[in-house]
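Coordinate inspection notes
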Amino acid sequence: MNSAFITFEGIEGAGKSTLARWLAQRLQQERIDCWLTWEPWEPRLREVLLEHSDLRSEEELLLFIADRAIHTRHIRNALAEGKTVICDRYADSTLIYQGYGRGLDIAWVRQLNRFATGGLEPVRTYLLDLPVEVGLSRQQELNRIGAEELAFHQRVREGFLTEAEQNPRRFLVLDATRPLQALQEVIWQDVRSLL
Ligand code: TMP
């Protein structure tokens, strides 16, 4: 495989962004062309989604989906150019946060995700799992969604684990309380096998 689409998922404070950044650098060291990106992606939508305080769950869902539709176009272009794309959160986050977390209809969220992505799925998703209290305590600042109550984040954690169990070929679940270096080693071994 020349290029691959890889995502990082998990609750707040799981260390996704640190590992996504590290992986992009590691790939560049190996002269593998890659694009490190994240969602929500479009800066103005990101601001509304993470800072706007007056959004209903349905409105939030539609904005995440709109953001994903735009972002997926760029991801497809990067993949077509032979780049490996590393994305910090993607469609799973909407399914889990807006579906399992907010309680919106899961089948409906899946359908909207399919509409936004045109069926594009990562070849591998690293799910960084850890107790909610540990994750939240690692965060210095919480965005609008991160500031939700503990029970919300617990539903999110459980949702991620349920989805990972149902898609064992795509998900690799990692214990995010392990030392960074140990996580990096597991991920690197796996990425090498993918590429
Ligand atoms: P982050 O940049 O720290 O990952 O913050 C993104 C926040 O947005 C995080 O609280 C998860 C949330 N989120 C959703 O609720 N649905 C989504 O589809 C995405 C991409 C993120």
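Residues numbered from 1 in each chain as written. Predicted model: local features only at pLDDT ≥ 70, side-chain atom pairs only at ≥ 80, totals over all residues. Heavy atoms only, no water.

Of all hydrophobic cores here, the largest spans 38 residues; its most connected members are Ile6, Phe8, Leu23, Tyr126, Leu128, Ile187 and Val191. Examining the composition of this core, we find that six residues originate from one element, helix α1 (residues 16-29), more than from any other. When near neighbours in sequence (up to four residues on either side) are disregarded, Leu23 contacts Ile6, Phe8, Ile86, Ile187, Trp188 and Val191. Counting residues in each nonpolar core, the second largest holds nine residues, with Ala78, Leu79, Ala91 and Leu120 among its members. (Core = buried A, V, L, I, M, F, W, Y, C linked by side-chain atoms within 4.5 Å. Buried < 20%, exposed > 50% of the residue type's maximum accessible area, 1.4 Å probe, protein only. Helix = DSSP H or I, 4+ residues; strand = E, 2+ residues; numbered from the N terminus. Contact = heavy atoms within 4.5 Å.)

Let us now look at the state of the cysteines. Summed over the entire model, instances satisfying the criterion amount to zero disulfides. Cys34 takes part in no disulfide bond, and the closest cysteine sulfur, belonging to Cys87, lies 12 Å away. Cys34 sits in the buried class, given a relative accessible area of 9%. (Disulfide = S-S within 2.5 Å.)

In this section: the site of the ligand. Looking at the ligand, there are 15 residues lining it, with Glu12, Arg46, Arg89, Thr94 and Gln98 nearest. In this structure, an oxygen atom belonging to the ligand sits 2.6 Å away from a side-chain N or O atom of Arg89. The fraction of the free accessible surface of the ligand (480 Å²) that becomes covered by protein chains is 92%. Only α2 (43-51), α3 (57-80) and α4 (91-101) provide two or more residues apiece to the shell around the ligand. Taken together, the residues of the shell around the ligand break down into four nonpolar, five polar and six charged. (Near = heavy atom within 4 Å. Polar contact = N/O pair within 3.5 Å; in protein donor to acceptor, adjacent residues only side chain to side chain. Areas by Shrake-Rupley, 256 points an atom, 1.4 Å probe, with all protein chains shown as cover. Nonpolar A, V, L, I, M, F, W, Y, C, P; charged D, E, K, R; others polar.)

Now for the side chain of Lys16. In this structure, Lys16 sits in helix α1. With a relative accessible area of 8%, Lys16 lands in the buried category. A distance of 2.9 Å separates polar atoms of two side chains, one belonging to Lys16 and the other to Asp88. In contact with Lys16, other than residues within four places in its own chain, are Phe8, Glu9, Gly10, Ile11, Asp88, Arg89 and Leu128.

One pass over the structure, following the stated rule, counts 14 salt bridges. Between Glu42 and Arg44 there is a salt bridge, and its shortest N-O distance comes to 2.7 Å. Since its relative accessible area comes to 13%, Glu42 is described here as buried. Of the residues examined, Arg44 reaches a relative accessible area of 63% and is grouped as exposed. Linked through salt bridges whose partners overlap, the residues forming this network are Glu60, Arg102, Arg144 and Glu148. (Salt bridge = Lys/Arg side-chain N within 4 Å of Asp/Glu carboxyl O.)

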